[in-house]
Amino acid sequence: MPSMNLDAIDRKILAALQRDGRLSNVELAQEVGLSPSPCLRRVRLLEKAGIISGYHATLDRAGLGLGLTIFVGVKVERHHEEEATAFREAVMALPEVVSCHLVSGEADFLLQVVVPDLAAYERLLLGTLLKLPAVNDIRSNFAIQTVKDRAPLPLDHLSGGR
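Predicted model only: the values in this text are computed from it and were never measured. (Residues numbered from 1 in each chain as written. Predicted model: local features only at pLDDT ≥ 70, side-chain atom pairs only at ≥ 80, totals over all residues. Heavy atoms only, no water.)

## Details of the overall build of the protein chain
Phase 1 of the analysis: For the protein chain, the helix and strand inventory stands at five helices and four strands.
Phase 2 of the analysis: At 20 Å, the protein chain has a C-alpha radius of gyration far larger than the 15 Å of a compact globule built from 162 residues.
Phase 3 of the analysis: With the C-alpha coordinates aligned to their principal axes, the bounding extent of the protein chain is approximately 55 × 40 × 25 Å.
Phase 4 of the analysis: When each of the 162 residues of the protein chain is scored for burial, the buried share is 31%. (Helix = DSSP H or I, 4+ residues; strand = E, 2+ residues; numbered from the N terminus. Rg over C-alpha atoms; globule rule 2.2 N^0.38 Å. Buried < 20%, exposed > 50% of the residue type's maximum accessible area, 1.4 Å probe, protein only.)

If you want it as structure tokens, here you go:
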């Protein structure tokens, strides 16, 4: 659960900003039924609490020539802290890896990779991914079609706040 109690107005603020992070404070206040000053105070409190962690532009991957998305399952040899730290640091430095998760199941880590095409992925796989610290096995799954991506976070479980 969040570190602060979120009431219905906070949830409305969060939902509105997830839909459009470029809303001005006046537009946001109007949408959630507050005057601008209290609305801005609430937004600042949500930012300070880390509930709002940033504002970002959503870029079109295909429009930028990044037409191939691959989900890469990575098995590591051992789970020693030094190797795990080295693996994480190496992955963090790869711009093609847009997300990395420690997971349960067959793989130890699941990476989401975006590249222009299959040739670019082949270069990344052979030249970089297979050489990452402690990597034992890699399984690649290519996205054929994206059905849902970057959806707003669900907020219904937060009802009953203040």
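## A few points about the environment of D117
Phase 1 of the analysis: Counting through the fold element by element, D117 comes out in the loop between strand 3 (109-115) and helix 5 (118-127).
Phase 2 of the analysis: Side-chain polar atoms of D117 contact the backbone nitrogen of A119, separated by 3.3 Å. (Polar contact = N/O pair within 3.5 Å; in protein donor to acceptor, adjacent residues only side chain to side chain.)

## Observations regarding the layout of surface pockets
Phase 1 of the analysis: In this structure, the largest pocket occupies an estimated 1,100 Å³ of space.
Phase 2 of the analysis: What lines the largest pocket is a set of 32 residues, and nearest its centre among them are L17, Q18, G54, Y55 and H56.
Phase 3 of the analysis: With four residues, the single largest contributor to the lining of the largest pocket is helix 1 (residues 8-19).
Phase 4 of the analysis: Looking at the lining of the largest pocket residue by residue, the class counts come to 19 nonpolar, seven polar and six charged. (1 Å grid on protein atoms, 1.4 Å probe; cavity = no way out; pocket = protein on both sides within 12 Å on 5 of 7 lines; lining within 4 Å. Points joined across faces, edges and corners; volume = space filled by probe spheres on them. Nonpolar A, V, L, I, M, F, W, Y, C, P; charged D, E, K, R; others polar.)

## Examining the nonpolar core
Phase 1 of the analysis: Residues V74, V113, Y121 and L129 are the most contacted members of the largest nonpolar core, which totals 22 residues.
Phase 2 of the analysis: No other element matches strand 1 (residues 68-76), which puts five residues into this core.
Phase 3 of the analysis: V74 has contacts with F87, A107, D108, F109, L111, V135, D137 and I138, leaving out every residue within four places of it along the chain.
Phase 4 of the analysis: Counting residues in hydrophobic clusters, the runner-up holds 17 residues, among them M4, L23, L28 and C39. (Core = buried A, V, L, I, M, F, W, Y, C linked by side-chain atoms within 4.5 Å. Contact = heavy atoms within 4.5 Å.)

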